[in-house]
Amino acid sequence: MSLAYTLFDTLLEPVFILDCAKKVVYCNESAALILSSTVRKLTRSQPVLTDLFQFSESIDGLDNLLKVTDPTPYKEVNFTTLDGNSGKIQITLQRLPDNEHW
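Remember, predicted model here, so these are calculated numbers, not experimental data.

### A look at the nonpolar core
Nonpolar side chains in soluble globular proteins tend to be buried together.
Okay, step 1: With 22 residues, the main nonpolar core has Phe16, Phe53, Phe55 and Leu62 as its most contacted residues.
Okay, step 2: The biggest single contributor to this core is helix H1 (residues 29-34), with three residues.
Okay, step 3: Beyond its immediate chain neighbours, meaning those up to four positions away, phenylalanine 53 contacts Phe16, Ile34, Leu35, Phe79, Thr80 and Thr81.
Okay, step 4: Core analysis: the second largest hydrophobic core is formed by seven residues, Tyr5, Phe8, Val15 and Tyr26 among them.

### Examining the packing of aromatic side chains
Okay, step 1: Across all of its chains, the model carries five aromatic pairs by this definition.
Okay, step 2: Ring geometry for phenylalanine 53 versus phenylalanine 55: centroids 5.6 Å apart, planes at 15°, classification stacked. Accessibility classification places phenylalanine 53 together with phenylalanine 55 in one group, the buried group.
Okay, step 3: Ring-pair connections join several aromatic residues into one group, and the members of that group are Phe16, Phe53, Phe55 and Phe79.

### A word on the side chain of serine 30
Okay, step 1: Structurally, the position occupied by serine 30 is in helix H1.
Okay, step 2: Polar contacts involving the side chain of serine 30 include one to the main-chain carbonyl oxygen of leucine 11, which spans 3.4 Å.
Okay, step 3: In this structure, serine 30 is in contact with Leu11, Leu12, Glu13 and Pro14, ignoring residues within four places of it in sequence.

### What to know about the pattern of salt bridges
Okay, step 1: Under the definition given, this model contains two salt bridges.
Okay, step 2: A salt bridge links glutamate 57 to lysine 75; its shortest N-O distance comes to 3.6 Å. Placement of glutamate 57 in the loop between strand E3 (53-55) and strand E4 (75-81) and of lysine 75 in strand E4 is noted, with a sequence separation of 18 residues between them.
Okay, step 3: Residue classification places glutamate 57 among the partly exposed positions, given a relative accessible area of 42%.
Okay, step 4: Notably, a salt bridge pairs lysine 88 with glutamate 76, separated by 3.7 Å at the nearest N-O pair. Remark: glutamate 76 occurs in strand E4 and lysine 88 occurs in strand E5 (residues 86-91); sequence separation between them is 12 residues.
Okay, step 5: By relative accessible area, which is 55% here, lysine 88 ends up exposed.

Quick notes on the rules
- Residues numbered from 1 in each chain as written.
- Predicted model: local features only at pLDDT ≥ 70, side-chain atom pairs only at ≥ 80, totals over all residues.
- Heavy atoms only, no water.
- Core = buried A, V, L, I, M, F, W, Y, C linked by side-chain atoms within 4.5 Å.
- Buried < 20%, exposed > 50% of the residue type's maximum accessible area, 1.4 Å probe, protein only.
- Helix = DSSP H or I, 4+ residues; strand = E, 2+ residues; numbered from the N terminus.
- Contact = heavy atoms within 4.5 Å.
- Phe/Tyr/Trp six-rings, centres within 6.5 Å; stacked < 30°, edge-to-face > 60°.
- Polar contact = N/O pair within 3.5 Å; in protein donor to acceptor, adjacent residues only side chain to side chain.
- Salt bridge = Lys/Arg side-chain N within 4 Å of Asp/Glu carboxyl O.

Take a look at the structure:
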C-alpha cells in the first residue's frame, strides 16, 4: 500500500482504491464498516468491488477503468452488500496520479 493512501484513513466517506481489474487494493475504515469487514481483511484478500456490492444502476466507467482518465460525475445510486446492508451513495471514479489505480 502506498503511503499516500493514508491521507484517506481519516475521511468519514468510504474510499476504495482499485486496480484495473477492479480489485480493492486499499480501503479506509468507513469503507470496511459498510461491508461489515476490516481494512486488513479487504486489503489482503483484494476482492473485486463488483463482487462486494450490487448497485441499482450501472456506474459509468466501472466496467472499463482504463478508459477513466478524468473524474466521472458523481452519481447517486442504491447499493446492497453481500451481507444485506443497503443504502444510497454518491459515487465517482478518479484515476490516481500513478495511472494504475482508481
